[in-house]
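This is what each chain is made of:
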Amino acid sequence: MALYALGDLHLSYQSKIKSVAQRESALWQGHEERFLENCRAMVTDADTLLLLGDHSWGNKLPYCRKDLEYIESLPGRKILLRGNHDHFWDVKKTEQLNQMYEGRLHFLQNNYFLYKDYALVGTKGYCFEGPFYMSPGGQIVGYDEEAYAHAQALVNREAERLQKSFDAAVRDGHHRFIMLLHYPPTSLMERDSIFTKMAEQYHVEQVIYAHCHGEARFHDSIRGRKKGILYSLASGDCLRWKPLKVLS
Ligand SMILES: [Fe+2]
Ligand SMILES: [Fe+2]
């Protein structure tokens, strides 16, 4: 029995949309088949597979049914987190999605799931990604304050959602946590955030996130141990489509 994670499949079985990297980078060519093969080699039906958002380019549920069928076909118990591109998933309709896909897919939002004695809590999260103003030497010397204020409002809303997830787990008597985010836990110019503070407050053992694509973005946020918490980036292209083993 093991716990695995990977994010950002960006499936497009029913859509013509693809990112530039998906169209042009060798790393993305046939990534669906490569991920399926890697999962079949590593993950058993007794295992749990966390999919950390940006599942589908389809913007409504009818346009991502095949993408979700692909996810269903992967081995193990599948738990899905919302990413910024998952427009098919209205937060308020999470319960409906859980009923619709009962026993096949599990949607994590304002709730939690268990792996052994760990509560798996999480939300999409948010971080400020600019625009930044750079010096000729490549240092950040300023940023768009209006965009930053807007990002802060989104961060606060996501923190409230994460709190709901923690509250539900604590209410049921759980005190060991793995925390999932789609966005990185901190913005580029931060070393701490409301999300890292919550992770510390609840003595979370691991924080796993995705969203960062391409070599240049892989070190946008915390990776490795910080204040006793292990932070891991698990975007699909960073992991070369091999799921990250989170726990045995
Ligand atoms: Fe993504
Ligand atoms: Fe994303």
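Residues numbered from 1 in each chain as written. Chains lettered and ligands numbered in written order. Predicted model: local features only at pLDDT ≥ 70, side-chain atom pairs only at ≥ 80, totals over all residues.

A. Main features of the packing of helix α5 (residues 145-171) against helix α6 (residues 194-201). The contact between α5 and α6 brings their axes to 10 Å, and the two run at 20 degrees. Comparing their axes, α6 and α5 come out roughly parallel. When you trace α5 past α6, the crossing you get is right-handed. Packed against α5, whose contacting residues are Val155, Ala159 and Leu162, the element α6 presents Ile194, Phe195 and Met198 at the interface. Here the residues of the contact of α5 with α6 sort into six nonpolar, no polar and no charged. (Axes fitted to C-alpha atoms, helices over the stretch in contact; angles between N-to-C directions. Helix = DSSP H or I, 4+ residues; strand = E, 2+ residues; numbered from the N terminus. Parallel < 35°, antiparallel > 145°, perpendicular 65-115°, else oblique. Left-handed = near helix turned anticlockwise from the far one by under 90°. Contact = placed C-beta atoms within 7 Å. Nonpolar A, V, L, I, M, F, W, Y, C, P; charged D, E, K, R; others polar.)

B. The sheet that holds strand β11 (residues 224-226), seen in detail. The six strands are arranged β5-β6-β9-β10-β12-β11 in an open sheet whose pairing can be described as mixed. Looking at strand neighbours, the two that pair on one side only are β5 (113-115) and β11, the edges of this open sheet. Taken pair by pair, the neighbouring strands of this sheet meet at an average axis angle of 25 degrees, ignoring direction. (Pairing = 2+ DSSP bridges.)

C. Looking closely at the sheet that holds strand β3 (residues 77-81). Read from one edge of the open sheet, five strands run β4-β3-β2-β1-β13, paired in mixed fashion. Only two strands of the sheet have a single neighbouring strand rather than two, namely β4 (105-108) and β13 (244-247). Averaged over neighbouring strand pairs, the angle between their axes works out to 30 degrees when direction is ignored. Pairing of strand β2 (residues 48-51) with β3 involves four bridges; the strand directions are parallel. By the bridge assignment for β3, Leu51 is matched with Leu80.

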